[in-house]
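# Report on the structure
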Amino acid sequence: MSAVFDIEQAILLLELEPPFGKREVQLARRRLAKVWHPDLAPPGKQFEHERHLKAINLAADQLEQLAEGSRGGKVSRNAVKVNAAAARAARAEEGRRAYEREQAARAAAAEREKHDPFGDRTPDHSVVHRYARCVSYPEWGVGTVSGIYFTGDGDNVQQWARVKFAPGVRTVPAGSLQFVDFSKPDPGAERVQRFMTAAQHAMAEGDYPLAAQRLIYARDAEPTNAAVLRLMTLAFWQGGDLAAAGRAMRDWARVEGDRPTPHRFAARIYEDMGAIDLAAEAAERAADRAPTDGDAWERLGRLRLRLGDREAAIDALETARRLEPTVNGLLDLALALQLAGDVGGEVSACEQATILGPDDPAAWSRYAHALARTDRVRECLEACDRALELGPDPEVADLAERMRSALPRELHAA
């Protein structure tokens, strides 16, 4: 390859237009790094993304150095034109030499064909594809390949393409292209992978309605794909379409009904809808399928408590305490015991919450209020002082004042 630095190819790679300065090059580098970072690559395409990002960084470094040495810190359009002419001349010279080498190889092949006609039976042929889609960003759709370019030399030759998609012209590594043959329908698995990747990109950008729309196409390709249904449920739920999330969740539960995960999602979705009875039924199914999951039992107890079923709520929350106690679960248990009239059990649960969360002001506040319903006044005051140390709380301060006024007066020895 020629030693002439081809500015034209570098600005094509960075999708820049002259004139430009160092700041424009930096912005282009950051924008393309967000698109071609290896962490965003689909399975098996990380290497292509990494090589393309290295080429972008190398071109950006060279353009930044060129801009720093240019008059006014800008690379003019005329400078790009002059450099492009020099680069084309260098490529023409390289092409002439390659042509001479090819003619020499053809002459040698003709000589071999004359004297050894059966030495090589493999025919020479090539297939040129015009239409392709980018595997890394299938949401761009099918594009038209406008040019294939090569950079590097020796063993480090990299091939990249300029493709015109619906959003505009994109510069992509050639290895990330999937050429389209319109005479054959796409396999369902490829469509699923394509739309799943597009949906994941949309979710990473926070556009959950768009992700859900793309997942509908993936579901139409494979209606029983559990991964698609799970992601669709999440997209609809995060997008605020609870009715569609419920439908996707029910489809998912038909496929993986023996697993607790779809029922956990169902409990949360129904709870957001305000259908607490349906949420409690779903939470019970999740707890039955994962009997050692303390969080599932906590959710079941909390929902039963909202339905007013105190005994069932206490049973579920006691199970959660035995399996995996948490501060919130113990405070919910304390509330259920208080409503059931079990003051001793309430105090015990609140005390355990303070042990589990020694710096949790809500636990100490609840513990103080629970002790206020007993005759343990001094312990109540100690709990109030600890809660006020962790954070201001007018209710706890008022409780402490009332408890201090209730203390019996003591006469100190002279």
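A brief look at the structure comes next. Given the structure is predicted, the values throughout are model-derived calculations rather than measurements.

All right, on to empty space enclosed by the protein then. All told, the structure shown has 1 cavity of 30 Å³ or more when counted by the stated rule. A volume near 50 Å³ is recorded for the largest cavity. Every residue along the wall of the largest cavity is listed here: Arg264, Ala267, Arg268, Ala283, Ala286, Asp295, Ala296 and Arg299. For the lining of the largest cavity, a count of residues per class yields 4 nonpolar, no polar and 4 charged.

This part takes up helix α7 (residues 226-239). Across its 14 residues, α7 extends 20 Å between first and last C-alpha, which sits within 8% of the 20 Å expected from 1.5 Å per residue. By the burial criterion, the buried members of α7 are Ala226, Val228, Leu229, Leu231, Met232, Thr233, Ala235, Phe236 and Trp237. Its side-chain oxygen at 3.0 Å from the backbone nitrogen of Ala227, Asn225 defines the N-terminal cap of α7. Downstream of α7 by a residue or two, Gly240 has a phi angle that is positive, lying close to 90 degrees.

Moving on, we get to the packing of helix α9 (residues 261-273) against helix α10 (residues 276-289). Viewed as axis vectors pointing N to C, α9 and α10 meet at an angle of 165 degrees, and their least axial separation amounts to 8 Å. On the basis of the axis angle, α9 is roughly antiparallel to α10. Where α9 crosses over α10, the handedness of that crossing is left-handed. Taken together, the residues of α10 that come into contact with α9 (itself represented by His263, Arg264, Ala266, Ala267, Tyr270 and Glu271) are Ile276, Leu278, Ala279, Ala282, Ala283, Arg285, Ala286 and Arg289. Of the residues belonging to the contact of α9 with α10, the class tally is 9 nonpolar, 1 polar and 4 charged.

Scoring rules and cut-offs
- Residues numbered from 1 in each chain as written.
- Predicted model: local features only at pLDDT ≥ 70, side-chain atom pairs only at ≥ 80, totals over all residues.
- Heavy atoms only, no water.
- 1 Å grid on protein atoms, 1.4 Å probe; cavity = no way out; pocket = protein on both sides within 12 Å on 5 of 7 lines; lining within 4 Å.
- Points joined across faces, edges and corners; volume = space filled by probe spheres on them.
- Nonpolar A, V, L, I, M, F, W, Y, C, P; charged D, E, K, R; others polar.
- Helix = DSSP H or I, 4+ residues; strand = E, 2+ residues; numbered from the N terminus.
- Expected span 1.5 Å × (residues − 1).
- Buried < 20%, exposed > 50% of the residue type's maximum accessible area, 1.4 Å probe, protein only.
- Polar contact = N/O pair within 3.5 Å; in protein donor to acceptor, adjacent residues only side chain to side chain.
- Axes fitted to C-alpha atoms, helices over the stretch in contact; angles between N-to-C directions.
- Parallel < 35°, antiparallel > 145°, perpendicular 65-115°, else oblique.
- Left-handed = near helix turned anticlockwise from the far one by under 90°.
- Contact = heavy atoms within 4.5 Å.

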